[in-house]
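Report on the structure
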Amino acid sequence: MKTTLQFRLFLFLLVQLQVHAQDKSISTSVIGNGDPVLFLPGFASDATVWDSTIEKFSVTNQCHTVDYAGFGKVAPIEFPWLPTILEDLKTYIKNLDNSNLIIVGHSMGGTIATWLAAQPDLKIKQIVAVDALPCTGALMMPNFSPDNLAYESPYNNQLLVMDNAGFEQMAEGMASGMATSPEHQQLIKRAILNSDRKTYVYGYTDYLKMDVRPLLSNIKIPVTIMGAGQPYGKDMATQTYNNQYANLKAYDLIINENSKHFMMMDVSEWFHEQLSLILAK
């Protein structure tokens, strides 16, 4: 991903830039003209993960980006965290009131996109889920039940009291598995380290508790899933997506065998080509 000071200044100076500070849990920016596209980052990410994507698509589309409370420069909020974000995003989309809206969500952002698509009272044209599952908790825990997840747990308590050196080591290990280039790994690591610690710990519990699978049958709009083939290979990735999205009546699944989790960074040209085709439909 090409992130430069010049580009950030370019974004700031554009006349079309509008900044909206939501009352509670999200802060959004708008740039460009055309049909709207809402870009949702994943957990512990901020809007800068979309910089190269916004640079390309703001020429043809009105691009909306989001920062979540506790990440980026947005102040943390009270818990539960994720349910508040969902409701604020619903309000944002209702206020936008545009039937041509497309939502592109990465990781947790893609999970949120599927939840929004399942809501009966929102105007959304289609969604794109980028390496995102409707229930990440079920992938990590064979006997998944949201009732078994709580803020107060030995693992969460360990993270809350972990010293900065230990937390940085953990963040570095996580980042190395989610992107290929050292530059992109550093961007991911920095975002984790800049997060509010309590939001990082308890917010992830909210994320793991989220299960959109029962709502998938309510989705009537087109859904495209972009899946990363690394590190487990195309066949396993395909099986995982088909299992998790079994309740969705129809969707397009595109797997890139060479990409890790942050597809907009790892295979940016391919990602932008695919997104261009989707937006042109």
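Residues numbered from 1 in each chain as written. Predicted model: local features only at pLDDT ≥ 70, side-chain atom pairs only at ≥ 80, totals over all residues. Heavy atoms only, no water.

**Looking at helix 3 (residues 82–96)**
Note that an α-helix has 3.6 residues per turn; residues three or four places apart therefore point the same way. Under the 1.5 Å per step criterion, the end-to-end length of helix 3 is 21 Å for 15 residues, consistent within 8% with the ideal 21 Å. All of the buried residues in helix 3 are L82, T84, I85, L86, D88, L89, K90, Y92 and I93. Just past helix 3, the residue D97 takes up positive phi, approximately 55 degrees. (Helix = DSSP H or I, 4+ residues; strand = E, 2+ residues; numbered from the N terminus. Expected span 1.5 Å × (residues − 1). Buried < 20%, exposed > 50% of the residue type's maximum accessible area, 1.4 Å probe, protein only.)

**Section: the confidence of the model for the protein chain**
Put simply, the protein chain has an average pLDDT of 92, and 92% of its residues get 70 or more. Counted against residues more than four places away or in other chains, residues 1–23, with its pLDDT under 50, gives 43 contacts. (pLDDT = per-residue confidence, 0-100. Contact = heavy atoms within 4.5 Å.)

**Observations concerning the packing of helix 3 against helix 4 (residues 108–117)**
Contact pair helix 3 / helix 4: the axes reach a minimum separation of 11 Å and the direction vectors enclose 60 degrees. Taken as axis vectors, helix 3 and helix 4 run oblique relative to one another. Note that helix 3 runs across helix 4; the crossing there is right-handed. Seen from helix 3, the contacting residues are L82, I85, L86, E87, L89, K90 and I93; seen from helix 4, they are M108, I112, W115 and L116. Of the residues in the contact of helix 3 with helix 4, the class split is nine nonpolar, no polar and two charged. (Axes fitted to C-alpha atoms, helices over the stretch in contact; angles between N-to-C directions. Parallel < 35°, antiparallel > 145°, perpendicular 65-115°, else oblique. Left-handed = near helix turned anticlockwise from the far one by under 90°. Nonpolar A, V, L, I, M, F, W, Y, C, P; charged D, E, K, R; others polar.)

**Regarding the side chain of T136**
Structurally, the position occupied by T136 is in helix 5 (residues 136–140). Residue T136 is classed as buried on the basis of its relative accessible area, which comes to 12%. Here T136 is in contact with Y207 and L208, once residues within four sequence places are set aside.

**Re helix 9 (residues 197–209)**
Taking 1.5 Å of rise per residue, 13 residues should cover 18 Å, and helix 9 covers 19 Å from first to last C-alpha, within 8% of that figure. Helix 9 sits mainly inside the fold: ten of its 13 residues count as buried. Within helix 9, burial applies to R197, T199, Y200, V201, Y202, G203, T205, D206, Y207 and L208. Residues of helix 9 that are buried make contact with helix 3, helix 4, helix 5, helix 6 (154–161), helix 7 (164–176) and helix 8 (182–193).

**Focus: the packing of aromatic side chains**
For the structure shown, the criterion picks out 16 aromatic pairs. Between F39 and W50 the ring centres are 5.2 Å apart and the planes differ by 50 degrees, which places this aromatic pair in the tilted class. Here F39, found in strand 3 (residues 36–40), pairs with W50, found in the loop between strand 3 and helix 2 (51–57); they are eleven residues apart in sequence, far enough to count as distant. Accessibility classification places F39 together with W50 in one group, the buried group. Ring centres 5.2 Å apart and planes at 55 degrees place the aromatic pair F43 and Y204 in the tilted group. Of this pair, F43 sits in the loop between strand 3 and helix 2 while Y204 sits in helix 9; the two residues are 161 residues apart in sequence, bridging distant segments of the chain. Since its relative accessible area comes to 28%, Y204 is described here as partly exposed. Grouping aromatic residues by their ring pairs yields a cluster made of F43, Y68, F71, W81, F167, Y200, Y204 and Y207. (Phe/Tyr/Trp six-rings, centres within 6.5 Å; stacked < 30°, edge-to-face > 60°.)

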